[in-house]
Amino acid sequence: MESCIAAFQANDYESALIHYFPALDKTAKRRRPNGGVGARIRNFLDDELDIISHIATRNIFRVECDGVSFPQAIYKFARTSIAHEGELDQRINFNNHNGVSIGQTWNLPPSFIIGLIFAVLLAPENRNERFEKQYVVSIHGTKFNLGELWGERQKIRDWMENEYGHPIFQSRP
């Protein structure tokens, strides 16, 4: 994850994802050890989509375009393409600094990578992981020490509910 963060800080989003996807695979396998790789990754991303989308856009949303959902797009156009082709599929990019545009191409802001990083970092399955360095990130005006968040999904859920001013999560950790 530290290599992912370093690449992200250097605005090398494709390299950030190259370093991110093994951590995603490992985390999804911890959560669903008996599922196939594709299903467990898509299910993990779907589980955490509220957090991912809020961190990326300050909104919670689920979107599907031409039968492809966000978890499917990340798995098919990003993870699988990087794993098998060594690069992102042309149907997805993370360099849209003006917002979100979804159609033939998923044009996403780099903040979605931060949301993806948070999803893995916060997963209860990763509570025993650690960083070698200290990382502080500001999300919508609130600073977080990433090293203190390993496995602490509920802290972010509580923060989000405070931001929205009402409960938004049905389940607890």
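Our structure's up above, just so we're on the same page.
Everything quoted here is computed from the prediction, not taken from an experiment.

Draft legend 1. Structural detail: helix 2 (residues 13–31). For helix 2, spanning 19 residues, the distance from its first C-alpha to its last is 26 Å, which sits close to the expected 27 Å at 1.5 Å a residue. Maximal helix bending in helix 2 amounts to about 30°, located at Tyr20; proline Pro22 follows within four positions. Where helix 2 is concerned, the buried positions are Tyr13, Ala16, Leu17, Tyr20, Phe21, Ala23, Leu24, Asp25, Thr27, Ala28 and Arg31. Along its buried surface, helix 2 packs onto helix 1 (2–9), helix 3 (37–47), helix 5 (70–85), helix 6 (111–122) and helix 7 (153–164).

Draft legend 2. Highlighting the environment of Cys65. The topology assignment puts Cys65 in strand 1 (residues 64–65). Take Cys65: its relative accessible area is 17%, and that puts it in the buried class. On a C-alpha basis, the gap between Cys65 and Gly103 in space is 6.3 Å, while along the polypeptide they are 38 residues apart.

Draft legend 3. Expanded view of helix 3. All of the buried residues in helix 3 are Gly38, Arg40, Ile41, Phe44 and Leu45. Looking at the buried side of helix 3, the elements it contacts are helix 2, helix 4 (49–57), helix 5 and helix 6.

Draft legend 4. Fine view of the packing of helix 1 against helix 2. Between helix 1 and helix 2, whose axes approach to 7 Å, the crossing angle comes to 170°. The angle between helix 1 and helix 2 falls in the class roughly antiparallel. Note on element contacts: helix 2 touches helix 1 through Tyr13, Ser15, Ala16, His19 and Tyr20, opposite Ser3, Cys4, Ala7 and Phe8.

Draft legend 5. Region of the structure containing the pairing of strand 7 (residues 142–145). Across 4 bridges, strand 6 (residues 136–139) lies against strand 7 in antiparallel orientation. When the sheet's bridge partners are listed, Val137 is paired in strand 7 with Phe144. Linking two consecutive strands that pair antiparallel, namely strand 6 and strand 7, is a turn of 2 residues; a positive phi of about 50° is found at His140 within it.

Draft legend 6. How the structure looks around the pattern of salt bridges. Counted under the stated rule, the structure contains 11 salt bridges. Where Arg79 meets Asp25, a salt bridge forms, and the shortest distance between an N and an O atom there is 3.1 Å. With Arg79 in helix 5 and Asp25 in helix 2, this pair connects stretches of sequence that are 54 residues apart. Overall, Asp25 belongs to the buried group, its relative accessible area being 18%. A salt bridge links Asp50 to Arg62, with the nearest nitrogen and oxygen atoms 3.5 Å apart. Of this pair, Asp50 sits in helix 4 while Arg62 sits in the loop between helix 4 and strand 1, and the two are 12 residues apart along the sequence. The exposure class assigned to Asp50 is buried, which follows from its relative accessible area of 16%. One salt-bridge network, held together by shared partners, links Arg31, Arg32, Asp47, Glu48, Glu125 and Arg153.

Draft legend 7. Molecular detail of the packing of helix 4 against helix 6. Running from amino to carboxyl end, helix 4 crosses helix 6 at an angle of 140°, the nearest separation of the two axes being 8 Å. Between helix 4 and helix 6, the angle falls in the class oblique. Crossing angle aside, the handedness with which helix 4 passes helix 6 is right-handed. Residue-level inspection shows Ile51, Ile52, Ser53, Ile55, Ala56 and Thr57 of helix 4 in contact with helix 6, the latter providing Ser111, Phe112, Ile114, Gly115, Leu116, Phe118, Ala119 and Leu122. Grouping the amino acids of the contact of helix 4 with helix 6 by side-chain chemistry returns 10 nonpolar, 4 polar and no charged.

Rules used throughout
- Residues numbered from 1 in each chain as written.
- Predicted model: local features only at pLDDT ≥ 70, side-chain atom pairs only at ≥ 80, totals over all residues.
- Heavy atoms only, no water.
- Helix = DSSP H or I, 4+ residues; strand = E, 2+ residues; numbered from the N terminus.
- Expected span 1.5 Å × (residues − 1).
- Bend = angle between axes of the 7 residues up to and from the residue.
- Buried < 20%, exposed > 50% of the residue type's maximum accessible area, 1.4 Å probe, protein only.
- Contact = heavy atoms within 4.5 Å.
- Axes fitted to C-alpha atoms, helices over the stretch in contact; angles between N-to-C directions.
- Parallel < 35°, antiparallel > 145°, perpendicular 65-115°, else oblique.
- Pairing = 2+ DSSP bridges.
- Salt bridge = Lys/Arg side-chain N within 4 Å of Asp/Glu carboxyl O.
- Left-handed = near helix turned anticlockwise from the far one by under 90°.
- Nonpolar A, V, L, I, M, F, W, Y, C, P; charged D, E, K, R; others polar.

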